[in-house]
Amino acid sequence: MNGEIGVLLVSGSVRRGSVNEAVLETVAAIAPAGVTGVVFQGIGALPLFNPDLDREPLPEAVVRLRAAIATADAILFSTPEYGGMMSGALKNLLEWTIGGVEITDKPTGWINPSTNPAGARATYDGLRVVLEYTGASLVPDACIAAPVDRSVIDAAGLVTDESWRLRALAALEALVAATPAA
């Protein structure tokens, strides 16, 4: 990622203009010098996980996913809650990481933007379980709840609330500090 520390930003939403997309685009925009945030755009193109397909030649969308993870120094997630759990699209993406080793020991975090009173707790508890199963290295200070109301997302799709941005930046900095490149 151009000699800088690269952070792969993964949204569990396939919907354009989602709060999760705004969270990750904002993280990319506020990344400090020397850090590049790259938003993964291929979640909707991934085939449903099938162990029979998890062998050479891999589906092209899976090759792109695994390459994006392999070249990143760290990963940051943000996902909506659907039916009390993480989105099926994100669970599918994570299932494709189990057959590869790219995510093993990769510094990983998340920003939970839920404004729901329960705070999407089950979703992020489930995300923790799956990420631990994949061998990702969870960075506690990079796993935060930082609610985002749609009213603080501007026309460019970025979160404008300054206190929220400072919290997101602190999480990103904690994630970056956990990378071997730091």
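Shown above is the structure to which this text applies.
Residues numbered from 1 in each chain as written. Predicted model: local features only at pLDDT ≥ 70, side-chain atom pairs only at ≥ 80, totals over all residues. Heavy atoms only, no water.

Caption draft 1: Highlighting the overall build of the protein. Each helix and strand counted, the protein has 5 helices and 7 strands in total. The helix and strand sequence of the protein, counted from the amino end, reads β-α-β-α-β-β-β-α-β-α-β-α. Taken against the 2.2 N^0.38 rule, which gives 16 Å for 182 residues, the C-alpha radius of gyration of the protein at 15 Å falls within 12% of a compact globule. In terms of overall dimensions, the protein has a C-alpha envelope of 45 × 40 × 30 Å along the principal axes. Once local pairs closer than 6 in sequence are excluded, the contacts in the protein between residues at least 24 apart make up 79%. If you sum the accessible surface of the protein, you get close to 8,500 Å²; carbon and sulfur atoms cover 55% of it. Between the averaged position of the 12 positive side-chain charges in the protein and that of its 20 negative side-chain charges there is a distance of 5 Å. (Helix = DSSP H or I, 4+ residues; strand = E, 2+ residues; numbered from the N terminus. Rg over C-alpha atoms; globule rule 2.2 N^0.38 Å. Contact = heavy atoms within 4.5 Å. Areas by Shrake-Rupley, 256 points an atom, 1.4 Å probe, with all protein chains shown as cover. Lys, Arg positive; Asp, Glu negative; His and termini not counted. Charge placed at Lys NZ, Arg CZ, Asp CG, Glu CD.)

Caption draft 2: Focus on unusual backbone geometry. The peptide bond linking E56 to P57 adopts the cis configuration, its omega dihedral lying at -5°. Along the polypeptide, P57 turns up in the loop between β2 (35–39) and α2 (60–71). Its identity as a non-glycine residue notwithstanding, D105 has a phi of 65°, on the positive side. The exposed category is assigned to D105, whose relative accessible area is 59%. (Buried < 20%, exposed > 50% of the residue type's maximum accessible area, 1.4 Å probe, protein only.)

Caption draft 3: View of the packing of α2 against helix α3 (residues 88–98). Where α2 meets α3, the axes come as close as 10 Å, and the angle between the chain directions of the two elements is 75°. Here α3 runs roughly perpendicular to α2, going by the angle between their axes. Contacts between α2 and α3 involve V62, L65, R66 and I69 from the former and L93, W96 and T97 from the latter. Here the contact of α2 with α3 is built from residues that sort into 5 nonpolar, 1 polar and 1 charged. (Axes fitted to C-alpha atoms, helices over the stretch in contact; angles between N-to-C directions. Parallel < 35°, antiparallel > 145°, perpendicular 65-115°, else oblique. Nonpolar A, V, L, I, M, F, W, Y, C, P; charged D, E, K, R; others polar.)

Caption draft 4: Spotlight on the pairing of strand β3 (residues 74–78). Taken across its 5 residues, β3 has 5 buried, putting it largely inside the fold. The two faces of β3 match: A74, L76 and S78 on one face and I75 and F77 on the other face are all buried. Relative to β3, strand β1 (residues 5–11) runs parallel, the two sharing 5 bridges. Its bridge partner lying in β3, L8 is registered against I75. (Pairing = 2+ DSSP bridges.)

Caption draft 5: Quick peek at helix α4 (residues 121–134). Over its 14 residues, α4 runs 20 Å from end to end, which matches the ideal 20 Å to within 8%, given 1.5 Å per residue. By the burial criterion, the buried members of α4 are T123, Y124, G126, L127, V130, L131 and T134. Angularly, the buried residues of α4 cover 155° about the axis, an arc narrow enough to put them on a single face. More than 90 degrees from the buried face of α4, the exposed residues found are R121, V129 and Y133. Phi turns positive one or two residues past the end of α4, at G135, with a value near 90°. (Expected span 1.5 Å × (residues − 1). Arc of directions from axis to C-beta.)

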